[in-house]
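Here are the chains, one letter per residue:
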Amino acid sequence: MFSSDYDPENITRILFRDFPTWMLIVFYIVAVIAIGVFLYGVWAQIRKYRRGVRSGAWTPFWPRFRNMVGTVLSHRTVKRRARMAGSMHAWIFYGFTLLFIGTSLITLDQDITGPLGFHFWYGWFYLVFGIVMDVAGVALIVGLLYMMYRRKWLALPKLDYTRPDREPGDPDYDRSGYRREDWAFLWTLIIIAITGFLLEASRVVWLQNEAIVWDVRWHAPVGTAIAYVMMGLGLGPEGGGDLRMGLWWFHGILALTFIALVPYTKVMHIFTTLGSLMARDPEGKRRMPSVDVDAEHIGVSHFSDFTDKYLLQFDACTKCGKCHEACPARAGDYPLSPRDLVLTLRELANDTQWKSAPPAEPVRVIGEGVNMVRPETLWSCRTCAACIEICPVGIEHLPMIVEMRRALVEEGEFDPMLQPTLRSLQKSGNSLGESKRKRPRWTRKLDFEIKDARKEPVDVLWYVGDYASFDPRSQKVTIAFARILNAAGVSFGILYEDEQTAGNDVRRVGEEGLFQALAEANIELLDSCEFKTIVTTDPHTYNTIKNEYPEFGGNYTIEHASMMLERLIREGKIPTPVELDYRVTFHDPCHLGRINGDVEPPRQVMGQLGLDLVELPRNRDNSFCCGAGGGRIWLGDPPDTKKPAELRAAEAAGIGGLDVLVVNCPKCLNMMEDGVKGTGNEDNFRVMELIELVEEAMGLSDDPAPDEDDETASETAASA
Amino acid sequence: MKILVTVKQVAALDDEFEMRDDGRDVDEDFFEEDLNEFDHYSVEEALLIKEAAGDDAEVVIVTVGDEDTDDALRTALAKGADRGIRVWDDSLADADGVAIARVLAKVVEREQPDMVFTGAQSSDFGSAVTGMALAGLMGWPHAAVVCALEYSPGDNTATLRRELEGGLEEIMTIRCPAVLSIQLGINEPRYASLRGIKQAKQKPVDELTLDDLGLSADSIAPASRVRRMYAPEKGQAELITGSAAEQASRLAEIIKELRGM
């Protein structure tokens, strides 16, 4: 409190008090240099991003800006799956931001509005300002101390930056520079904050005899508390004055150095993450970037092929490791970590794109050289979108990977195992090397005829999909689904020989030309049929028809089988008389749960069937991929890797007394059955499709199927 | 400098099929057409030589077939070949390997390549005769089943390795120009993306008739003729499983059955 004896204009801090003129000049020169270095850095970084292809990712500006501000202020994405670290980051963020605003206000008062005759930093404003700054300083220091504790004592594996795609001894294997930078960042900030408080304290000691300062000392509560300690230790006004001068310079130079280094160090994330969050494509995990397949070349093989958005995102990465932790390829010791991929590209950009003139030759990003992305890294991806989902700053790793795969496919350079698959897809529209004619052969095992949607109108067009049509294990599920729909009296039909794969995996493997050809052919076929909705048991098909076909003019209402089953059971169209007394757990398909957010329908069905559902530790948006996606189901697993499906099966085995691991996707079924066998769990629990459980509850599954051996025998004879 | 690669569009049989009414071939509804597997390797080998020479060589793809075979031709062009030649006349419908070789010989005379590659055989008929006959007609050296090759454009000789029966291999030097029949596995063929295949439509393809080559229908009369094609009766096989005793009793049962006991 201050008495009304004082003129409020005198209740302030006199800046540069007792400074000789030369000191003032030196300070302003240093400040101008620091700001100049800062501005040059910002400009050079923007120049780097602007060498990319224009993406237009920041328009419309205001909705994106509002969205970004909301995300940043709430720290929603930073807190996700890391409550404590996220909250502490929020303390640092708010502490730092307030202190920065405070310092800027003083500069404004002193150097801009002051010379024009307008001052505002005095009186009540000054006093409230003091308290706010102290609270901000404490928040900043507490947050930084926690981060130091976290780095030093929690020793999180995700904060280890050694590259999984390099061997010890490779020049770019060790990233200890990043670790040193992290620590330098923490120490610099905390020293700036602490010296700020000491400076505040030394001023109180120094000016303790000036009533106008002393009377309002508690408006700098932390500084005053420290001042009492200093005085208790015998520091007098003169010593306080000397200390203040020394600390002033130390604090000031350190803070200016910090500002100058912002655009050159990890501190830049203050700005780059804002840009990245604004540019973030909310559809990025569902829909791969569209491209003109008639263009000269497609995909990304050189830096000049990246859009400005991706170039900025390389610099937005804060190395937090959330994607590193979530990635199934990383967990299985494949040479991929989404974080390290982004950092690799950042380093290569800094090696090659920093100079004032753009590089004379386009800089190739895929290859075996230092800081280049290795093809095997790109082929390790499952496109499960775990990385893009959890990235707190909106980096779109998955589309980057697909873009680079496109370039590799164009060059014809990839795993030889993938070639027969792609050639089969080109020739007959399926990935299993089967003829078109064979696609509907599973229907022979039914004792009723499925309508031919090409020839007659149906309510529901069932898009069966590749694995569901051809894979022997999945066929059982396909047959079960047909029986359920038939029993429920649904008017449904299929496309028989003319159905081709919807192309989700084709697109994600990078064969964009083939994907677009498939999409166009499928849309033409669908448009020639009469139906109300589409249903599919395959989440990959579901995702692509729902999210990627509209780009090619295919707009349909599509449901995943789980949604349809939930509705049919709820409406009483599917009676489930058989009680299923199973303890089950559920493996969310990436393309259903995380990518499309449809986590509830399968759980509701399990609830309707009365199953005892125990959740896996990683579920819903944090589900762990079975390893099949992005074309990986077509590729072999190198011997020194762990199959994601086996890691997942082990996770399920951790739930005691489990009867069934429920899956809801043909590819998950294929992978998880292997995973359960591979981990020796086949006697502990079974893998079943949700559809099979519904069939069992309906009492349909005991229907004798036509003898399979006879069928095989007749096929053999025919082909002999 | 020019390498000529002859390719064929082959039929890939479905596992259920019907014969044509005349009984001399499979009904075309029951197979899908594709570039001959072996030709992926011969095209790749030519492209590798071209690329190693800094693109200072032309790779020309030749096929004999109707317009449906453009797919195979374009697949080869999409991989990086420079241009294509397609020869067709309805009288070639029943052509055998020797007849095709007669046509190809005229193309070779016209193009004057430094080297001709063919696939070791076609994956549908498998006669492995076209390359050999072509070399014979041209009077050029020929090497069959080549599984490794050292050759640069302009060389007078090529060094190659051939697979022999009984697991043997031989290394030989061959005078150029020559006709080489390329074996599977000599390289890792690249993939032709669908986009690439579509864009290969831009590449020049000469469509020639027999007249253009100075041939008449009589001069390419096939040396052989298919009389009948059929699926032979197959013997039965059974995998006997179970314990040793169960297996033995099942075996005894089969023996009794076959002996009519």
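Residues numbered from 1 in each chain as written. Chains lettered and ligands numbered in written order. Predicted model: local features only at pLDDT ≥ 70, side-chain atom pairs only at ≥ 80, totals over all residues. Heavy atoms only, no water.

J.: I'd like a rundown of the overall build of chain A, residues and numbers included.
T.: On a plain count of helices and strands, chain A comes out with 29 helices and nine strands. Each principal axis of the C-alpha atoms in chain A carries an extent, and together these give about 105 × 60 × 50 Å. Per-residue burial over chain A gives 56% buried out of 720 residues. Here the analysis covers contacts within chain A between residues at least 6 apart in sequence; of these, 80% occur between residues at least 24 apart. Just so you have it, chain A exposes about 29700 Å², and 58% of that area is on carbon and sulfur atoms. Between the centroid of the 77 positive side chains of chain A and the centroid of its 96 negative side chains there is a distance of 4 Å. (Helix = DSSP H or I, 4+ residues; strand = E, 2+ residues; numbered from the N terminus. Buried < 20%, exposed > 50% of the residue type's maximum accessible area, 1.4 Å probe, protein only. Contact = heavy atoms within 4.5 Å. Areas by Shrake-Rupley, 256 points an atom, 1.4 Å probe, with all protein chains shown as cover. Lys, Arg positive; Asp, Glu negative; His and termini not counted. Charge placed at Lys NZ, Arg CZ, Asp CG, Glu CD.)

J.: Describe the overall build of chain B, naming the residues involved and giving the relevant values.
T.: Scanning chain B from N- to C-terminus turns up six helices and 11 strands. With the C-alpha coordinates aligned to their principal axes, the bounding extent of chain B is approximately 75 × 45 × 40 Å. Looking at chain B residue by residue over its 261 residues, the buried ones come to 43%. Contacts in chain B between residues at least 24 apart in sequence constitute 69% of all its contacts with a sequence separation of at least 6. Counting every atom, chain B has about 13700 Å² of accessible surface; 45% of that belongs to carbon and sulfur.

J.: How would you explain the interface of chain B and chain A if you had to name every residue and give the values?
T.: Every contact between the two is made by 24 residues of chain B and, on the other side, 32 residues of chain A. Together chain B and chain A conceal approximately 2400 Å² of surface at their shared face, both sides included; 43% is due to carbon and sulfur atoms. Where chain B packs against chain A, one counts three salt bridges. A salt bridge links E37 of chain B to R423 of chain A; its shortest N-O distance comes to 2.6 Å. For the side of chain B that touches chain A, the secondary-structure elements that each account for two or more residues are β3 (31–35), α1 (37–52) and α5 (194–199) of chain B. When grouped by side-chain class, the residues that make up the side of chain B that touches chain A number eight nonpolar, three polar and 13 charged. (Buried area = accessible area lost by both parts, 1.4 Å probe. Salt bridge = Lys/Arg side-chain N within 4 Å of Asp/Glu carboxyl O. Nonpolar A, V, L, I, M, F, W, Y, C, P; charged D, E, K, R; others polar.)

J.: Go over the packing of helix α6 (residues 176–206) of chain A against helix α8 (residues 221–232) of chain A, please, and point to the residues and values.
T.: Residues and elements named next belong to chain A. In contact at an axis separation of 7 Å, α6 and α8 are set at 60 degrees when each is read in the N-to-C sense. In terms of axis orientation, α6 runs oblique to α8. Read as a crossing pair, α6 and α8 show a hand that is right-handed. Mapping the contact onto sequence places F197, L198, E200, A201, S202, V204 and V205 in α6 and V222, G223, T224, I226, A227, M230 and M231 in α8. Here the contact of α6 with α8 is built from residues that sort into 10 nonpolar, three polar and one charged. (Axes fitted to C-alpha atoms, helices over the stretch in contact; angles between N-to-C directions. Parallel < 35°, antiparallel > 145°, perpendicular 65-115°, else oblique. Left-handed = near helix turned anticlockwise from the far one by under 90°.)

J.: How would you explain unusual backbone geometry if you had to name every residue and give the values?
T.: Of the consecutive residues T59 of chain A and P60 of chain A, the connecting peptide bond is found in the cis state with omega at -5 degrees. Turning to its location among the elements, P60 of chain A is positioned in the loop between α1 (21–50) and α2 (61–74). A cis geometry characterises the amide bond from C176 of chain B onward to P177 of chain B, with omega recorded as 0 degrees. Residue position: P177 of chain B is located in the loop between β9 (169–175) and β10 (179–182). Notably, T383 of chain A is not glycine yet its phi reads approximately 50 degrees, a positive angle. Among the secondary structure elements, T383 of chain A is positioned in the loop between α15 (375–379) and α16 (386–390). A relative accessible area of 1% means that T383 of chain A is categorised as buried.

J.: Now, about the pattern of salt bridges: what can you tell me, with residues and values included?
T.: Once the charged atoms of two side chains with opposite charge are near each other, the side chains can pair. All names here are of chain A. Enumeration over the complete set of coordinates arrives at 76 salt bridges over all chains. As a salt-bridge pair, R603 and D588 come within 2.7 Å of each other at their nearest N and O atoms. On the criterion of sequence distance, the pair formed by R603 in helix α25 (residues 600–608) and D588 in the loop between β6 (583–586) and α25 is long-range, its members being 15 residues apart. As far as burial versus exposure is concerned, R603 and D588 are alike and both buried. Through salt bridges with shared partners, a single network forms among E403, R406, R507, R508, E512, E548 and E551.

J.: Got a sec to walk through the pairing of strand β6 (residues 115–119) of chain B? Specific residues and values, please.
T.: Note on strand geometry: in a regular strand, side chains alternate between the two faces of the sheet. Residues and elements named next belong to chain B. Counting buried positions over the five residues of β6 gives five, a clear majority of the element. Alternating residues of β6 divide into M115, F117 and G119 and V116 and T118, and every residue in both groups is buried. Alignment of strand β1 (residues 2–7) against β6, held across three bridges, turns out to be parallel. Looking across to β6, one finds that I3 is bridged to M115. In terms of strand pairing, β6 meets β10 through four bridges, oriented parallel. Along β10, the bridge assignment pairs V116 with V179. (Pairing = 2+ DSSP bridges.)

J.: Let's hear about the nonpolar core: which residues, and what values?
T.: F306, M404, I450 and W462 of chain A are the most contacted members of the largest nonpolar core, which totals 154 residues. Ranked by the residues each element gives to this core, the list is headed by helix α17 (residues 397–411) of chain A, at eight residues. Counting 31 residues, the second-largest nonpolar core is a separate cluster that includes L35, L77, F117 and C176 of chain B. (Core = buried A, V, L, I, M, F, W, Y, C linked by side-chain atoms within 4.5 Å.)

J.: Tell me what's going on with the sheet that holds β9 of chain B, and back it up with residues and numbers.
T.: Residues and elements named next belong to chain B. Taking strand neighbours across the sheet as the criterion, the nine strands line up as β9-β8-β7-β10-β6-β1-β4-β5-β11 in an open arrangement whose pairing is mixed. Edge positions in the open sheet fall to β9 and β11 (205–208), since each of these has one partner strand only. Here the strands of the sheet are splayed against their neighbours by 35 degrees on average, with no regard to which way each runs. Along the sheet face, helix α3 (residues 97–111) touches β1, β4 (58–64), β5 (83–87), β6 and β11 and points at about 150 degrees away from the line of β4.

J.: Can you tell me about the domain arrangement of chain A, naming the residues and giving the values?
T.: Residue and element names in this part refer to chain A. Taken domain by domain, chain A consists of domain 1 (8–13 + 22–52 + 59–264), domain 2 (294–411) and domain 3 (420–704). A straight line from the C-alpha centre of domain 2 to that of domain 3 covers 30 Å. By the criterion of area lost to domain 3, the three top residues of domain 2 are Y334, R382 and R406, representing 27% of everything that side buries. For the pair domain 2 and domain 3, the interface holds three salt bridges. The closest approach of N and O atoms between R406 and E512, which form a salt bridge, is 3.0 Å. For the interface between domain 2 and domain 3, the tally reads 12 residue pairs in polar contact (both at pLDDT 80 or more). (Domains from an automatic or database assignment. Polar contact = N/O pair within 3.5 Å; in protein donor to acceptor, adjacent residues only side chain to side chain.)

J.: Let's hear about the packing of aromatic side chains: which residues, and what values?
T.: Scanning all chains against the criterion turns up 41 aromatic pairs over all chains. Ring geometry for W121 of chain A against F129 of chain A: centres 5.7 Å apart, planes inclined by 75 degrees, an arrangement best described as edge-to-face. Judged by its relative accessible area of 3%, W121 of chain A is buried. For F129 of chain A, a relative accessible area of 9% gives the class buried. In this structure an aromatic cluster arises from ring pairing among F16, F19, F27, Y28, W248 and W249 of chain A. Directly above the aromatic system of Y334 of chain A lies the positively charged group of R382 of chain A, at a separation of 4.4 Å from the ring centroid. The lysine or arginine in question, R228 of chain B, covers the ring of Y230 of chain B, its NZ or CZ lying 4.1 Å from the ring centre. (Phe/Tyr/Trp six-rings, centres within 6.5 Å; stacked < 30°, edge-to-face > 60°. Lys NZ or Arg CZ within 6 Å of the ring centre and 35° of its normal.)

J.: I'd like to hear about the side chain of S193 of chain B, residue by residue, with values.
T.: Its location among the elements puts S193 of chain B in the loop between β10 and α5. For S193 of chain B, a relative accessible area of 3% corresponds to the buried category. Of the polar contacts made by the side chain of S193 of chain B, one reaches the side chain of E410 of chain A; its length is 3.1 Å. Apart from the residues lying within four places of it in its own chain, the contact partners of S193 of chain B are V409, E410, Q426 and E511 of chain A.

J.: Summarise the side chain of N187 of chain B; cite the residues concerned and give the values.
T.: Mapped onto the fold, N187 of chain B is located in the loop between β10 and α5. A distance of 3.1 Å separates a polar atom in the side chain of N187 of chain B from the backbone oxygen of Y41 of chain B.

J.: Give a detailed account of α17 of chain A, specifying residues and quantitative values.
T.: The α-helix winds at 3.6 residues per turn, so residues separated by three or four positions along the chain end up facing the same way. Residues and elements named next belong to chain A. Between the first and last C-alpha of α17 there are 22 Å, a value that for 15 residues agrees with the 21 Å anticipated at 1.5 Å per step. By the criterion of burial, α17 is predominantly enclosed, with 13 of the 15 residues buried. Of the residues one or two after α17, G412 is the one with positive phi, at around 70 degrees. (Expected span 1.5 Å × (residues − 1).)

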